Structures are given as structure tokens and as C-alpha cells.
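# Reading the structure
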Amino acid sequence: MSRRDHYSLLVIRGDGARILRVTIPRRVATAVLVAVVMTLSASVALLGNYVQLRKLTSEARGYLPQLAQQQQIMTRVSERVAELHREASVWRELHTRIWEAMGPETQFPARQTGIGGAAAAVVEPRPARLSPIDELDRLAEQVKEEGENLRALDRVMARAGKMLAALPSRWPVRGAVNSEFGLRLSPWTKASEFHSGMDIGAQPGSPILAPAGGMVTFAGAHPEYGLTVMIDHGHDIRTVYGHLSRISGHSGQQVERGTLIGLSGNTGRSSGPHLHYEIQVKGRQVNPRAYLWD
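Our subject in this report is the structure included herewith. Not measured: the values here are computed from a predicted model. (Residues numbered from 1 in each chain as written. Predicted model: local features only at pLDDT ≥ 70, side-chain atom pairs only at ≥ 80, totals over all residues. Heavy atoms only, no water.)

Structurally, His274 is set in strand 13 (residues 274-281). According to the relative accessible area criterion, His274 is buried, its value standing at 8%. On a C-alpha basis, the gap between His274 and Ser206 in space is 9.4 Å, while along the polypeptide they are 68 residues apart. Contact partners of His274, with chain neighbours within four places excluded, come to Asn178, Asp199, Ile200, Gly201, Ala202, Gly242, His243 and Gly265. Within the structure, His274 has its side chain in polar contact with the side chain of Ser270 (distance 3.4 Å). One polar contact links the side chain of His274 to the main-chain carbonyl oxygen of Gly272, over a distance of 2.8 Å. (Helix = DSSP H or I, 4+ residues; strand = E, 2+ residues; numbered from the N terminus. Buried < 20%, exposed > 50% of the residue type's maximum accessible area, 1.4 Å probe, protein only. Contact = heavy atoms within 4.5 Å. Polar contact = N/O pair within 3.5 Å; in protein donor to acceptor, adjacent residues only side chain to side chain.)

Okay, the side chain of Asp199 next. Considering the arrangement of structural elements, one finds Asp199 in strand 6 (residues 198-201). Polar side-chain contacts of Asp199 include one of 3.2 Å to the side chain of Arg184. Beyond its immediate sequence surroundings of up to four residues, Asp199 is in contact with Ala176, Val177, Asn178, Ser179, Arg184, His274, Leu275 and His276.

Next up, the structure:
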């Protein structure tokens, strides 16, 4: 092997005297040099990664308070969403009760022989937990649905309100009921007879007020009821006020709830001062008690 294939390492003292000479094969020296360079490169890379990691760790520590705050906010949002879900459930139950009260009765078919079902108990799967975003989307859909229900209910209530306003739900005069609607003993013959209204005790001259808005269809003398007023409230509902001492309205007059239509008295076929109050639905007398709310 020639000298060109070796490297010599000399160790010399300060006075120039040689102390040691080491001969290293060229391949070994090259391998050592490459190893040293690779080691230094790896060390530099690791040092850079370490510095970058320290920087990221420091920045991450700065975000920890913000993350904790965001977590608290998300927790509060989740709790609020759960409360709104419960409130929406109450809305649905309320709507169901209202619609059941206002809607037509459901006619169920006769019982059939078809039955089914598993013999063993069925275990319901636990619902998957939704993310806050999914919960908000689901809540938004429920709010939209409930909004549509409320608008539909508002339209129904508006129509119902007009009908309720036309109902004679107010007492035309306050007083004791001397004779109820239905069968009674005649005060003249003592025989059983049908009484088509209510006789409300009232001192002569007591104001008689319209229990609902409508139009006066008759105002004058009646062979049985004396001075009488009749009001058409629409929806096939009419009211009759008999035995008046004076009439304040006239036929064709539009009256509102609480309008003075006359004064109580003792005219016609009457045994004493009172008001004969009668309600007719589609031309048939009904019990006024069913309409008196106020």
C-alpha cells in the first residue's frame, strides 16, 4: 500500500521535537470525517428543532387561558341549548293540547285482530352525543318549525277571536235567576211547560246591555214578552230580551258589546219585574247558561 493511501498525524512539542506519529488509512480518515460531518449536521438539525419546539411550547402556554375560556363558553352554550330544547318540547306539548281542543275529534276504527311485537324486551340504543354545532342546527330547525306552528295558531286564534267576540257571553243584567231554561211549573196554570230562556230578576228601569255586538232585528211589542228587542249576532246566533219597560234601540241598528238596548220592566205576560233572556242557535232555543262566561 502506497503512502498516498494513508494520512499521518504528527504530535510535536513546542520546541519542535516530535513526540508521536500516527498513520491512518485514507478510507478510515474519510469515513471518520464523514461521520463527524453527519454528526454535526444532525446536531445542528436537532438543535434547530429543539429551539422551534421550545418556541411552540411557549406560544402554546399563552393559548391555554384562551382555550380554557373557550371551553367554558362552549359548556355554557351546550347547557343553554339543552334548556332551549326542553323549552321547545314544552311548546310542542302546548301546541298539541291547543290543537286537540280546537281540532275535530278523531274517529278511531273498530278494534282489529292484527297484533305484533317481540317477546323479549327491546333495549333502546343510546343516542349519539351531538356536537354543539349540530345541536345548534337541530335547535334552529325546531325553532323554525315552532315559528310556523305559532303563525298557523295565530291565524286560527284570530278567526276564533272574531267568533268569540260575537258570542253573547256577558250577562245582559245582573240579578238572581228566578226561572231557569227548560221544563218548569207554569206560574199561572201550575202545569208543566217549557221555558225557552232565563228569567233574571231586575228592578224596573235597570239598564239592559247587549252581551255582544250585532244588529237589532226587532224592537217593539210582542204578544208574550211585551216590549222586546231581538239581536242577530251572526253565526246563526240570536238573543231575545223581553218584558222591557223601554226600548233604547231600533230595528236595523248596529250595537256593540255593552250598548244600552233598553230598561227592564214588567210588560207582556209577566208576574213581576224581570228580564226574559233567550238565546237561539239556528232558530232553536238553547240554555243561556252555556254562553254566560262573564
